[in-house]
Amino acid sequence: MSLRLNWRPKHLLVLLVILLALGLAWLAPRNEVIFVSPSNAEFALERVLDEINSAKFSINVAAYMLTNRSIINALQSKRNQGVKVRIYYGELSEMGGIRVPGLHMKLIVIDGITAIIGSANFTEAAFGQNQEVIVITRSGEFNKWFEGR
């Protein structure tokens with residue numbers, strides 16, 4: 001017994017549209033929201049490290065504080081692998097032509113696309129003791145802050 005499908009151009013067009021929609025959904029930016037607490041701090045830190053370790057070309061960091069040894073080691077490792085790593089903190093901030101004393105941003109942008117942003121300073125306390133939130137997004141919009149610096 002053989003099964004014969006009677007495909008018509010409109011059937012192929014519908015199939016193509018469905019496959020295209022599935023492909024676009026897969027390629028669309030994904031946002032991941034992580035609520036950091038002492039009970040899941042290890043997971044949150046691992047997600048940040050995974051994103052840093054995925055960098056191929058550049059990592060830009062704007063941070064009020066950067067003292068977490070695991071994050072520092074990951075940044076140094078990527079720099080040693082040839083990834084361009086730039087870190088901005090403290091009094092290096094200028095926004096809209098106005099000098100801002102003390103940068104309070106918590107932002108990492110990887111390869112100009114992936115952004116890690118939230119309330120967490122990149123410290124041991126933020127990934128172990130505090131209640132924080134981190135958003136990982138695939139939007140190149142956050143990289144605009146670093147352009148021209």
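These figures come from a predicted structure and were not determined experimentally. (Residues numbered from 1 in each chain as written. Predicted model: local features only at pLDDT ≥ 70, side-chain atom pairs only at ≥ 80, totals over all residues. Heavy atoms only, no water.)

A.B. asks: Talk me through the side chain of E132; I want residue IDs and the actual numbers.
C.D. replies: For E132, the location among the structural elements is in strand β8 (residues 132-138). In this structure E132 is buried but unpaired, with K106 as the nearest side chain of opposite charge at 6.7 Å. Side chain to side chain, E132 and N130 meet in a polar contact 3.1 Å long. When near neighbours in sequence (up to four residues on either side) are disregarded, E132 contacts I34, F35, V36, S119, A120 and A126. (Helix = DSSP H or I, 4+ residues; strand = E, 2+ residues; numbered from the N terminus. Buried < 20%, exposed > 50% of the residue type's maximum accessible area, 1.4 Å probe, protein only. Lys, Arg positive; Asp, Glu negative; His and termini not counted. Salt bridge = Lys/Arg side-chain N within 4 Å of Asp/Glu carboxyl O. Polar contact = N/O pair within 3.5 Å; in protein donor to acceptor, adjacent residues only side chain to side chain. Contact = heavy atoms within 4.5 Å.)

A.B. asks: Please provide a residue-by-residue account of the environment of E51, values included.
C.D. replies: If you trace the backbone, E51 turns up in helix α2 (residues 41-53). Classification of E51 by relative accessible area gives buried; the value is 6%. Considering only alpha carbons, one finds E51 and I110, 59 residues apart in sequence, at a separation of 7.5 Å. Ignoring any residue separated from it by four or fewer positions in sequence, one finds E51 in contact with I110, T114, I116, I136 and R138.

A.B. asks: With reference to specific residues and values, describe the nonpolar core.
C.D. replies: Core analysis: the largest hydrophobic core is formed by 25 residues, its most contacted members being V48, I52, I59, I71, I108, F127 and I134. Of all the secondary structure elements, the ones that give two or more residues to this core are β1 (32-36), α2, β2 (58-63), α3 (69-80), β6 (106-110) and β8. Per-element tally for this core: the top contributor is α2, with six residues. Apart from the residues lying within four places of it in its own chain, the contact partners of V48 are I71, I108, I116, F127 and I134. (Core = buried A, V, L, I, M, F, W, Y, C linked by side-chain atoms within 4.5 Å.)

A.B. asks: Outline the environment of S39, supporting the account with residue identities and numerical values.
C.D. replies: With respect to the secondary-structure elements, S39 resides in the loop between β1 and α2. Counting along the chain gives 92 residues from S39 to Q131, while the straight-line C-alpha distance between them is 10.0 Å. Side chain to side chain, S39 and S37 meet in a polar contact 3.0 Å long.

A.B. asks: So what's going on with the sheet that holds β1? Which residues, and what values?
C.D. replies: Hydrogen bonds between backbone groups are what pair the strands of a sheet, and the pairing can be parallel or antiparallel. Taken together, six strands build an open sheet; the order of strands is β1-β8-β7-β6-β2-β3 and the sheet is mixed. The open sheet has two free edges, formed respectively by β1 and β3 (84-89), since each of these has just one partner strand. The sheet shows a mean angle of 10° between the axes of neighbouring strands, taken without regard to direction. Of the pairings in the sheet, the one linking β6 to strand β7 (residues 114-118) comprises four bridges and is antiparallel in character. (Pairing = 2+ DSSP bridges. Axes fitted to C-alpha atoms, helices over the stretch in contact; angles between N-to-C directions.)

A.B. asks: So what's going on with the confidence of the model for the protein? Which residues, and what values?
C.D. replies: Fine structural detail should not be taken from predicted coordinates in areas where pLDDT scores are low. Taken residue by residue, the protein gives an average pLDDT of 78. The fraction at 70 or more is 70%. When the elements of the protein are averaged for pLDDT, strand β4 (residues 93-95) gives the smallest value, 50, and α3 the largest, 94. (pLDDT = per-residue confidence, 0-100.)

A.B. asks: Describe in detail the packing of α2 against α3, supporting the description with residues and values.
C.D. replies: A pair of packed helices is captured by two measures, namely the crossing angle of their axes and the spacing between those axes. In the contact formed by α2 and α3, the axes pass within 10 Å of each other and the chain directions differ by 10°. With respect to each other, α2 and α3 are oriented roughly parallel. Every residue of α3 that contacts α2 at L45, V48, L49, I52 and N53 is listed here: S70, I71, A74, L75 and K78. Of the residues contributing to the contact of α2 with α3, the split by class is seven nonpolar, two polar and one charged. (Parallel < 35°, antiparallel > 145°, perpendicular 65-115°, else oblique. Nonpolar A, V, L, I, M, F, W, Y, C, P; charged D, E, K, R; others polar.)

A.B. asks: Could you give an account of unusual backbone geometry, naming the residues involved and the relevant values?
C.D. replies: Backbone geometry at D111 places phi at a positive 55°, although glycine is not the residue there. Relative to the helices and strands, D111 resides in the loop between β6 and β7.

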